[in-house]
Amino acid sequence: MARRKRRSRGGSSAGLIIATVCLAVLSLGIVGGYGWLRYKASGNVAVDQASLCPVDGPKAETAILLDVTDPISDTTALDLRNQFQKIVADVPIGGEIDIYALTEKEGELIQTFHGCNPGSGANVDEWTSNPRLAQARWEKGFAKPLQNIAGKLNVGEAGKQSPIMAGIQKINLEVFASAADIPKHLYIASDMVEHTDAFSNYRDGASYQKFQQSPARDKFRTSLDGVMIKILAFQRPNMKFSMEDLANFWAQWIKSNNGYFDGFVRLEGIR
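Note that the coordinates shown come from a computational prediction; the quantities given were computed from them, not determined experimentally. (Residues numbered from 1 in each chain as written. Predicted model: local features only at pLDDT ≥ 70, side-chain atom pairs only at ≥ 80, totals over all residues. Heavy atoms only, no water.)

A. Focus on helix H2 (residues 74-89). In a regular helix each residue adds 1.5 Å, so 16 residues correspond to 22 Å; H2 covers 22 Å between its end C-alpha atoms and thus fits that length. When we look at burial in H2, the residues that qualify are Thr-76, Ala-77, Asp-79, Leu-80, Gln-83, Phe-84, Ile-87 and Val-88. (Helix = DSSP H or I, 4+ residues; strand = E, 2+ residues; numbered from the N terminus. Expected span 1.5 Å × (residues − 1). Buried < 20%, exposed > 50% of the residue type's maximum accessible area, 1.4 Å probe, protein only.)

B. Region of the structure containing the side chain of Asn-117. Take Asn-117: it is sitting in the loop between strand S3 (109-116) and helix H3 (131-150). A relative accessible area of 8% means that Asn-117 is categorised as buried. Within polar-contact distance, the side chain of Asn-117 engages the backbone oxygen of Val-91 at 3.1 Å. Not counting the four nearest positions on each side in its chain, Asn-117 is found in contact with Val-91, Pro-92, Ile-93, Gly-94, Gly-95, Trp-138 and Phe-142. (Polar contact = N/O pair within 3.5 Å; in protein donor to acceptor, adjacent residues only side chain to side chain. Contact = heavy atoms within 4.5 Å.)

C. Highlighting the side chain of Asp-98. Within the fold, Asp-98 resides in strand S2 (residues 95-102). One buried charged residue, Asp-98, forms no salt bridge at all, with the nearest opposite charge on Lys-184 at 12 Å. A polar side-chain atom of Asp-98 sits 3.0 Å from a polar atom in the side chain of Gln-111. Each residue touching Asp-98, except ones within four places of it in the same chain, is listed here: Glu-61, Thr-62, Ala-63, Ile-64, Gln-111, Phe-113, His-114 and Val-175. (Lys, Arg positive; Asp, Glu negative; His and termini not counted. Salt bridge = Lys/Arg side-chain N within 4 Å of Asp/Glu carboxyl O.)

D. Structural context of the sheet that holds S2. Spatial ordering of the open sheet is given by S3-S2-S1-S4-S5-S6, a layout of six strands whose pairing is mixed. The sheet is open, and its two borders are formed by S3 and strand S6 (260-266), each paired with just one other strand. Neighbour-to-neighbour, the strand axes of the sheet open up by a mean angle of 15°, direction not taken into account. One ladder, built from seven bridges, connects strand S4 (residues 184-190) with strand S5 (residues 227-233); its direction is parallel. The partner of Ser-190 across the bridge, within S5, is Ala-233. Its contacts with the sheet place helix H4 (residues 164-176) against strand S1 (60-67), S2, S3, S4 and S5, and it is angled at close to 155° to S1. Strands S5 and S6 of the sheet are contacted by helix H8 (residues 243-256), whose axis makes an angle of about 160° with S6. (Pairing = 2+ DSSP bridges. Axes fitted to C-alpha atoms, helices over the stretch in contact; angles between N-to-C directions.)

Structure (structure tokens):
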């Protein structure tokens, strides 16, 4: 009987050891799981509720200047809408987008959108976030407002002037100059025919030499350091210069202001 008791105590001791080890492993698993969830949750960036931008600043900046000083054709509007949707789709999570409409007054722009891409429900972790709420926030604050703008791209009113350079200068000072060392992109949707008292492509053609001799050279100069600029050009009929000449004119202006010329896309249709 004594021997059986010793075996029983030995069996109990072994069982206790196994139970202790299992409990320790379970505890480590719980602690590890909690730590993993905390780590995953730490990736959720705090955002400003009004703009949906990260409170520590956007990860990239995209600005769009829309020239609505004249209406555009339905064909051009459709092409522009497709281009617009591609631009929006390329805005990264945490990236900011600002959209401005050009007016006939120098440096006076109408801001039609300001906000960041917060990421849709597909971009969040269901363990640490609520995909349904994330999707609703993305649609209300980012996707739908931009869809509304895309649907009105062919709406415009004729203006006496087209101060494109002043518009670029204003966006650079308001948006890019204060941005940190992040990717910066500017898209300009316009016929790109500058027309002000200081300089006019109607009057002086697409001659960059004439521009350099005009008051506009110093009046509208701006430091576009680090800004990638792409032009989405509307075609105007019966111009005295070619679209190629106009593209070269703006490429020179952008480079002379230390910007990066990222292309001149000739949209389909005639304005």
